[in-house]
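Letter by letter, the chains look like this.
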Amino acid sequence: MEHKSINEIRTEFKAACEETLPSFIAAYQSDARLGVIKLVEQAKKRIQAQEAERERIESLKVYEKQYAPFGAVCGIDEVGRGPLAGPVVAGAVILPKDCGILYINDSKKLSAKKREELYDVILEQAVAVGIGMVSPQRIDEINILQATYEAMRQAIHNLSVTPDILLNDAVTIPEVAIRQAPIIKGDEKSISIGAASIVAKVTRDRLMEEYDVLLPGYGFAANKGYGTTEHIAAIRSLGPTPIHRRSFIKNFVQG
């Protein structure tokens with residue numbers, strides 16, 4: 001029987017998904033060629049990594065399991081408290097009880113590419129997703145903390161399913177009748193809060209990239225409104241835009 005070339009087997013390995021890796025290993029583990037042996041070892045490591053990731057995801061369901069008796073569990077998180085420009089955005093996500101989405105984490109710990117991939121998967125598989133957004137003008141009017149709460153309340157209101165309990169990243173949201181469970185570093189400890197952080201982050205990042213086209217010169221696509229040296233220099237030279245938070249940039253502009 002003629003052997004497949006190592007390049008052919010490598011292509012097969014790269015195309016293999018989690019379900020087909022065991023059959024890939026079975027097919028080639030007796031092949032004595034060094035290149036094939038290495039590919040089989042890589043396949044085994046991929047399976048081990050996937051098993052470890054499944055275990056990590058299960059550990060992120062501790063709070064979801066704890067509060068499951070209440071009914072629909074919703075994770076809440078926000079992004080954009082610190083930037084000099086753009087809105088603060090909150091995400092609210094109710095995941096299915098048997099959620100098997102891998103790689104969910106605090107959005108800050110994920111690459112932009114991974115966040116984008118997970119955003120699509122979360123929107124496809126979630127029971128419900130809500131987004132809340134509060135403008136820079138409103139932030140200036142009521143302060144960033146109150147604006148964050150307002151964005152969270154909007155996100156809850158925009159869910160298609162009413163949750164029975166909210167898992168929040170560290171805060172208790174005022175003026176909300178639903179039971180709440182604040183969790184310190186919740187975006188690292190709860191799969192629902194992690195999912196909400198990803199949805200909020202991708203939503204806000206995409207918006208800031210659109211603003212970069214409409215308002216060039218400030219680097220919004222790269223800095224997402226945060227106060228980088230280049231961004232502050234642009235505010236001083238070009239002046240503020242309608243999406244700048246006046247209460248945040250008062251030290252950089254006159255009047």
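Residues numbered from 1 in each chain as written. Predicted model: local features only at pLDDT ≥ 70, side-chain atom pairs only at ≥ 80, totals over all residues. Heavy atoms only, no water.

1. So, the packing of aromatic side chains
A full pass over the atoms with the stated rule returns 4 aromatic pairs. A ring pair is formed by F13 and F24, whose centres lie 5.6 Å apart and whose planes are at 40 degrees; its orientation type is tilted. One end of the pair, F13, is in helix α1 (residues 6–15); the other, F24, is in helix α2 (residues 21–28), and 11 residues separate them in sequence. For F13, a relative accessible area of 6% translates into the label buried. An aromatic cluster is built from F13, F24 and Y28, whose rings are joined through pairwise contacts. Across from the ring centre of Y119, 4.4 Å away, lies the NZ or CZ of R206, which sits over that ring. Over the ring of F248 we find R245; its NZ or CZ atom is 5.0 Å from the centre of that ring. (Phe/Tyr/Trp six-rings, centres within 6.5 Å; stacked < 30°, edge-to-face > 60°. Helix = DSSP H or I, 4+ residues; strand = E, 2+ residues; numbered from the N terminus. Buried < 20%, exposed > 50% of the residue type's maximum accessible area, 1.4 Å probe, protein only. Lys NZ or Arg CZ within 6 Å of the ring centre and 35° of its normal.)

2. Some points on the nonpolar core
Residues C74, I76, I156, L166 and I173 are the most contacted members of the largest nonpolar core, which totals 22 residues. Elements with a contribution of two residues or more to this core: β1 (73–79), β2 (88–94), β3 (128–134) and α7 (144–157). Element by element, the count of residues in this core is highest for α7, at 6 residues. Discounting chain neighbours no more than four positions away, the residues touching I173 are I76, Y149, M152, R153, I156, N168 and Q180. Residues V93, C99, A126 and I198 belong to the second largest nonpolar core, which totals 19 residues. (Core = buried A, V, L, I, M, F, W, Y, C linked by side-chain atoms within 4.5 Å. Contact = heavy atoms within 4.5 Å.)

3. Considering the environment of V253
Within the secondary structure, V253 is located in the segment after α12 (246–249). Separated by 17 residues in sequence, V253 and R236 place their C-alpha atoms 6.2 Å apart. Setting aside its immediate chain neighbours within four residues, V253 contacts I235 and P240.

4. Here's the deal with the side chain of D187
Note on placement: D187 falls in helix α8 (residues 186–189). By relative accessible area, D187 is classed as buried at 6%. In this structure the side chain of D187 is engaged in a polar contact, spanning 3.5 Å, whose partner is the side chain of K108. Leaving out residues up to four positions away in the same chain, D187 has contacts with D77, N105, D106, K108, D169, I193, G194 and S197. (Polar contact = N/O pair within 3.5 Å; in protein donor to acceptor, adjacent residues only side chain to side chain.)

So yeah, pure geometry; function would need other evidence.
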